[in-house]
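# Breakdown of the fold
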Amino acid sequence: MAKKPLNVGIVGYGFMGRTHSNAFSQVNHFFDVPYRPVLKAVCARDAGKAKTFAEQWGYESVETDWRKLVERKDIDVIDIASPNDTHHDIAIAAAKAGKMVMCEKPLGRSAAESLKMVEAVEKSKVPNMVWYNYRRVPAVTLAKQLIDEGKLGRIFHYRAKFLQDWTISKDLPQGGQGLWRLDVDVAGSGVTGDLLAHCIDTAMWLNGGITKVSGMTETFIKERHHNITGKKEVVGIDDASLFLARFANGSLASFEATRYARGHKALYTFEINGENASIAWDLHDLHRLQYFDHRDEGRTRGWRSLHITDGDHPYMDKWWVPGLQIGYEHTFIHQVADFLDAVGGGKVAAPTFRDALATDRVTDAVLKSARTGQWENAND
Ligand code: SOE
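Here is a short report on the structure shown in this document.

Thresholds applied
Residues numbered from 1 in each chain as written. Predicted model: local features only at pLDDT ≥ 70, side-chain atom pairs only at ≥ 80, totals over all residues. Pairing = 2+ DSSP bridges. Helix = DSSP H or I, 4+ residues; strand = E, 2+ residues; numbered from the N terminus. Axes fitted to C-alpha atoms, helices over the stretch in contact; angles between N-to-C directions. Left-handed = near helix turned anticlockwise from the far one by under 90°. Contact = placed C-beta atoms within 7 Å.

## Things to note about the sheet that holds strand β16 (residues 303–307)
One key point about sheets: their strands pair by backbone hydrogen bonds, in either a parallel or an antiparallel sense. Spatial strand order, β16-β15-β14-β13-β7-β12-β11-β8-β17: nine strands in an open sheet with mixed pairing. Both outer strands of the open sheet, β16 and β17 (376–377), are each paired with one neighbouring strand and no more. Bridge count between strand β11 (residues 240–247) and strand β12 (residues 252–258): seven bridges; the pairing is antiparallel. Considered in β12, the bridge of Ala245 is made with Ala253.

Right, here's the structure in full:
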């Protein structure tokens, strides 16, 4: 069946610009979805770099002002893949112009910003989604299915961490391309919004809402050269962030994120312990789900290492043959496929802006708790 074209205008050409563009380009090769994304325009302030990106990925045109992109009649969906301080204004303008909006995580730099964005997309009734891609690792989606089927029973514990080590050097500057994540004005926060946000999104998807948190953060390097101002500036982001949490279902949780765990590049892991069974997952071994079921016959009971590559595993019937793995970039392709299916069927593709607002409320509460030293409500 002929697919309807869906004209994409992307803002940003960095790491996320590439993951999203790859997803738009690949989705029709593997998924039978009702739309065919057309790479209409890439927008970035640097015309030269935008042009190079457009040539490499096959975008038809280049814009240097996102306002022009948003006004263009030939664009259906605005995809925001630019730094966090741009999300709010672009998303609101796009929603007002009646465009669908896809936005990189975190939605806003704070829950207050995110709320405005939610109000804009809901008022305009435009399809919207935030790129929390790890939900769509097949093993993580399978974890969701197992939990929803009640395989784990009552859940007691949720444990997550996201460890990196790329900012340990005190000589690393802050600000500008590639390093805006260290500039609090641009990023909003450090690892809390960048890494914990992933853990929180997955956690609330799998285990329901978080009610209260008690957090602590640290900024190990207090001052760094700033690439934009050219001066040494105070570092405003959190380098490490840990928190305890209570979920609405009564389970207890611990979360940790840091860029100071020497030896770890992107170690995202979680473990969930239920009355009947436990599951564990590790991004560095992303196609495996560890599963322990206490109801197994005692003599052979133990942790099973499930290889999530078979045709009856989530998304896997769309890829190669059983036993062959997929990776990180596929999670973005899955997300586009689900988005296009939802739009075609008049349904909602999660995580919506409203779902991402809930995550931002938790990250705000963690940062607040780190300041006050008190337990804070996570859904204010
Ligand atoms: C940070 O290094 C980062 O790129 C995050 O911004 C991404 O969201 C995460 O998936 C990988 O790490």
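## Some points on the packing of helix α1 (residues 15–30) against helix α9 (residues 328–344)
Direction vectors running N to C along α1 and α9 enclose 65 degrees, while the axes themselves pass 8 Å from each other. Here α1 and α9 pass one another in a crossing that is right-handed. On α9, the residues touching Thr19, His20, Asn22, Ala23, Phe24, Gln26, Val27 and Phe30 of α1 are Glu329, Phe332, Ile333, Gln335, Val336, Ala337 and Leu340.

## Describing the sheet that holds strand β4 (residues 77–80)
An order of β3-β2-β1-β4-β5-β6 is seen for the six strands of this open sheet, with the pairing classed as parallel. The open sheet has two edge strands with one neighbour each: β3 (61–63) and β6 (128–130). Across the sheet, the mean angle from the axis of one strand to that of its neighbour is 25 degrees, orientation sign disregarded. With three bridges joining them, strand β5 (residues 100–103) and β6 adopt parallel strand pairing. Bridging from a neighbouring strand, Met102 pairs with Met129 of β6. Contacts from α9 reach β1 (4–11), β2 (35–43), β5 and β6, with the element oriented near 115 degrees to β2.

## Looking at the pairing of β12
Where strand β7 (residues 155–163) lies against β12, seven bridges are found, and the strand directions are parallel. Bridge pairing in β12 links His157 to Leu252.

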